[in-house]
Amino acid sequence: MRLGVETPDLLVDVTGLPYDRVDALDDGGLRVGAGVQNSDLAADRRVRTSYPALAEAVLAGASGQLRNLATTGGNLLQRTRCAYFQDTTKPCNKREPGSGCPAREGEHRNLAVIGHSERCVATHPSDMAVALAAFDAIVRVVGPAGERGIPLVDFHRLPDDTPQFDTVLQRDELIVAVDVPALAFAGNSRYRKVRERASFSFALVSVAVALDVADGQVRDVRIAFGGLAHKPWRAYAAEQALRGSAADEESFGSAADAELAQAEPLRDNGYKVALARNTLVRTLVELTG
Ligand SMILES: Cc1cc2nc3c(=O)[nH]c(=O)nc-3n(C[C@H](O)[C@H](O)[C@H](O)COP(=O)(O)OP(=O)(O)OC[C@H]3O[C@@H](n4cnc5c(N)ncnc54)[C@H](O)[C@@H]3O)c2cc1C
Ligand code: SF4
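Residues numbered from 1 in each chain as written. Chains lettered and ligands numbered in written order. Predicted model: local features only at pLDDT ≥ 70, side-chain atom pairs only at ≥ 80, totals over all residues. Heavy atoms only, no water.

1. Overview of the site of ligand 2
Link 1 in the chain: For ligand 2, the set of nearby residues contains 13 residues, the closest of which are Cys 82, Cys 92, Cys 101, Cys 120 and Val 121.
Link 2 in the chain: More than half of the atoms of ligand 2 fall within 2 Å of the grid points belonging to the largest cavity.
Link 3 in the chain: Here the shell around ligand 2 is composed, by residue class, of 10 nonpolar, one polar and two charged. (Near = heavy atom within 4 Å. 1 Å grid on protein atoms, 1.4 Å probe; cavity = no way out; pocket = protein on both sides within 12 Å on 5 of 7 lines; lining within 4 Å. Sits in = over half its atoms within 2 Å of the grid points. Nonpolar A, V, L, I, M, F, W, Y, C, P; charged D, E, K, R; others polar.)

2. Concerning the site of ligand 1
Link 1 in the chain: The environment of ligand 1 is formed by 21 residues, the closest being Thr 71, Asn 75, Asp 127, Ile 175 and Lys 193.
Link 2 in the chain: Ala 62 has a polar backbone atom sitting 3.2 Å from an oxygen atom of ligand 1.
Link 3 in the chain: Within the backbone of Ser 201, a nitrogen or oxygen atom sits 3.3 Å from an oxygen atom of ligand 1.
Link 4 in the chain: For ligand 1, the accessible surface in isolation is 960 Å², of which the surrounding protein chains cover 67%. (Polar contact = N/O pair within 3.5 Å; in protein donor to acceptor, adjacent residues only side chain to side chain. Areas by Shrake-Rupley, 256 points an atom, 1.4 Å probe, with all protein chains shown as cover.)

3. Digging into helix 3 (residues 52–59)
Link 1 in the chain: In terms of burial, helix 3 is largely enclosed, as six of its eight residues are buried.
Link 2 in the chain: Those residues of helix 3 not exposed but buried are Pro 52, Ala 53, Leu 54, Ala 55, Ala 57 and Val 58. (Buried < 20%, exposed > 50% of the residue type's maximum accessible area, 1.4 Å probe, protein only. Helix = DSSP H or I, 4+ residues; strand = E, 2+ residues; numbered from the N terminus.)

4. Remarks on unusual backbone geometry
Link 1 in the chain: Located in the positive-phi region is Ala 62, a residue other than glycine, with phi close to 55 degrees.
Link 2 in the chain: By the element assignment, Ala 62 lies in the loop between helix 3 and helix 4 (64–67).
Link 3 in the chain: We classify Ala 62 as partly exposed; its relative accessible area is 36%.

5. Comments concerning a nonpolar patch on the surface
Link 1 in the chain: Together, Leu 10, Val 12, Val 14 and Leu 17 make up an exposed nonpolar region whose accessible area comes to about 390 Å².
Link 2 in the chain: Assignment of secondary structure puts Leu 10 in the segment before strand 1 (22–24). (Patch = residues over 30% accessible without salt bridge, like charges linked within 9 Å, V, L, I, M, F, W, Y side chains within 5 Å. Salt bridge = Lys/Arg side-chain N within 4 Å of Asp/Glu carboxyl O.)

6. Quick word on the sheet that holds strand 3 (residues 138–143)
Link 1 in the chain: An order of 1-2-5-3-4 is seen for the five strands of this open sheet, with the pairing classed as antiparallel. Of all strands in the sheet, those with a lone pairing partner are strand 1 and strand 4 (146–151), marking the two edges. Recorded for the sheet is a direction-independent mean angle of 25 degrees between the axes of neighbouring strands. (Pairing = 2+ DSSP bridges. Axes fitted to C-alpha atoms, helices over the stretch in contact; angles between N-to-C directions.)

7. Overview of empty space enclosed by the protein
Link 1 in the chain: Going through the model one piece at a time under the given rule, you end up with two cavities of 30 Å³ or more.
Link 2 in the chain: In terms of lining, the largest cavity is formed by 16 residues, of which the most central are Cys 82, Cys 92, Cys 101, Cys 120 and Ala 122.
Link 3 in the chain: Quantified by volume, the second largest cavity comes out at close to 50 Å³.
Link 4 in the chain: As for the second largest cavity, its lining consists of Gln 78, Arg 79, Thr 80, Lys 94, Ala 122, Thr 123, His 124, Pro 125, Asp 166 and His 230. (Points joined across faces, edges and corners; volume = space filled by probe spheres on them.)

8. Observations concerning the sheet that holds strand 8 (residues 217–226)
Link 1 in the chain: Across the sheet, four strands lie side by side as 6-7-8-9; this open sheet has antiparallel pairing. Looking along the sheet, the strands with just one partner apiece sit at the ends: strand 6 (189–194) and strand 9 (233–234).
Link 2 in the chain: For strand 7 (residues 205–214) and strand 8, the ladder comprises nine bridges, and the chain directions are antiparallel. Within strand 8, the residue paired with Val 213 across the bridge is Val 218.
Link 3 in the chain: Along the sheet, helix 11 (residues 271–288) makes contact with strand 6, strand 7 and strand 8, crossing strand 7 at roughly 35 degrees. (Contact = heavy atoms within 4.5 Å.)

9. Some remarks on helix 11
Link 1 in the chain: Taking 1.5 Å of rise per residue, the 18 residues of helix 11 would be expected to cover 26 Å, and the 26 Å separating its terminal C-alpha atoms lies within 8% of that figure.
Link 2 in the chain: For helix 11, the full list of buried residues reads Lys 272, Ala 276, Thr 279, Leu 280, Val 281, Thr 283, Leu 284 and Leu 287.
Link 3 in the chain: Two residues or fewer past helix 11, Gly 289 is found with a positive phi of approximately 75 degrees. (Expected span 1.5 Å × (residues − 1).)

10. Focus: the packing of helix 10 (residues 249–260) against helix 11
Link 1 in the chain: For the pair helix 10 and helix 11, the least separation of the axes is 9 Å and the interaxial angle reads 140 degrees. Handedness of the helix 10/helix 11 crossing: right-handed. Facing Glu 249, Phe 252, Gly 253, Ser 254, Ala 256, Asp 257 and Leu 260 of helix 10, the residues of helix 11 in contact are Val 273, Ala 276, Arg 277, Leu 280, Val 281, Leu 284, Val 285 and Thr 288.
Link 2 in the chain: Of the residues belonging to the contact of helix 10 with helix 11, the class tally is nine nonpolar, three polar and three charged. (Left-handed = near helix turned anticlockwise from the far one by under 90°.)

11. Concerning the packing of aromatic side chains
Link 1 in the chain: Evaluation of the coordinates by the stated rule reveals one aromatic pair.
Link 2 in the chain: Centroid distance Tyr 51 to Phe 135: 5.3 Å. Interplanar angle 70 degrees. Geometry classified as edge-to-face. A residue pair is termed long-range when its members are at least 10 positions apart, and Tyr 51 in the loop between helix 2 (45–50) and helix 3 and Phe 135 in the loop between helix 7 (128–134) and strand 3 qualify at 84 residues.
Link 3 in the chain: Assessed through its relative accessible area of 3%, Tyr 51 is described here as buried.
Link 4 in the chain: The buried category is assigned to Phe 135, whose relative accessible area is 4%.
Link 5 in the chain: We note Arg 109 situated over the ring of Tyr 271; from NZ or CZ to the ring centre the distance is 4.8 Å.
Link 6 in the chain: A cation over a ring is seen here: Arg 197 above Phe 200, with NZ or CZ 5.4 Å from the ring centre. (Phe/Tyr/Trp six-rings, centres within 6.5 Å; stacked < 30°, edge-to-face > 60°. Lys NZ or Arg CZ within 6 Å of the ring centre and 35° of its normal.)

Function-wise, these values are silent; they only describe arrangement.
Next up, the structure:
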């Protein structure tokens, strides 16, 4: 709003709603209220021990002061940091549908390499959402038609012909919580974020990984990338390649290649493909111990 990107006629303050708790679910998972502040989520002992990648992802985002105000719902709905989107003197299909996408031929070093379209090549900025995608989280929303659950991996959209819509949330719906289901090996998880400076900065590439290894073989794994696409990118092809394979650097590299074969880098962001490969392999090696 300060940049003039949004000019709403009406603002509704949702900060007083009773969605500020992290509760245990019957299946052993957690229900994170939409109003839970990022700092409180990262500090929650259950999150730190059962889903360390989630705590690490939240702590990798923004700065301490921002995390003290930012909420679970707001973080999921933050908009792209594409420079043209934020500059109201420039055309941008996401801000003004049909006006064009100057980033395609212009400044796109930090933008998408997977799932982009002619209309938009932006990336989604949330770190927290990447870990939630790896953990199969469900976004719980309410609207006039009642309550529904949307898998986090389907909550954010690819741009296609309508990049103005970042998510499938309807205009009359409110996020009330995010459910993180139980996952036995989520305790062996990590979030690694590569960025241009160590203080607050958005991801060039990030990865959330949970790994289950027994007798030198991968029993199960969850992987999601950030910084590559218009949404958190769940790496199903890499996961499939890894299940049952040797837990070694060679298999890790092949799995990364299987996922990244679909990348279509733009003129100036091909470096992201190699960066994503190396970041995933290194994280898997670390989790293998
Ligand atoms: C300088 C800076 C650096 C940052 N760096 C990072 C980073 O590296 N990684 C990262 O992940 N994030 C980063 N952020 C984002 C930050 O962590 C916040 O999450 C983000 O700014 C959104 O703020 P908020 O959570 O207060 O949501 P708000 O600004 O309050 O809301 C954002 C949007 O969500 C809507 N909304 C809020 N709650 C609900 C709800 N319950 N239901 C429906 N709609 C809702 C609002 O209407 C609004 O449209 C950064 C922000 C800044 C300013
Ligand atoms: S990449 Fe998307 S957000 Fe950026 S200028 Fe193009 S349409 Fe706008």
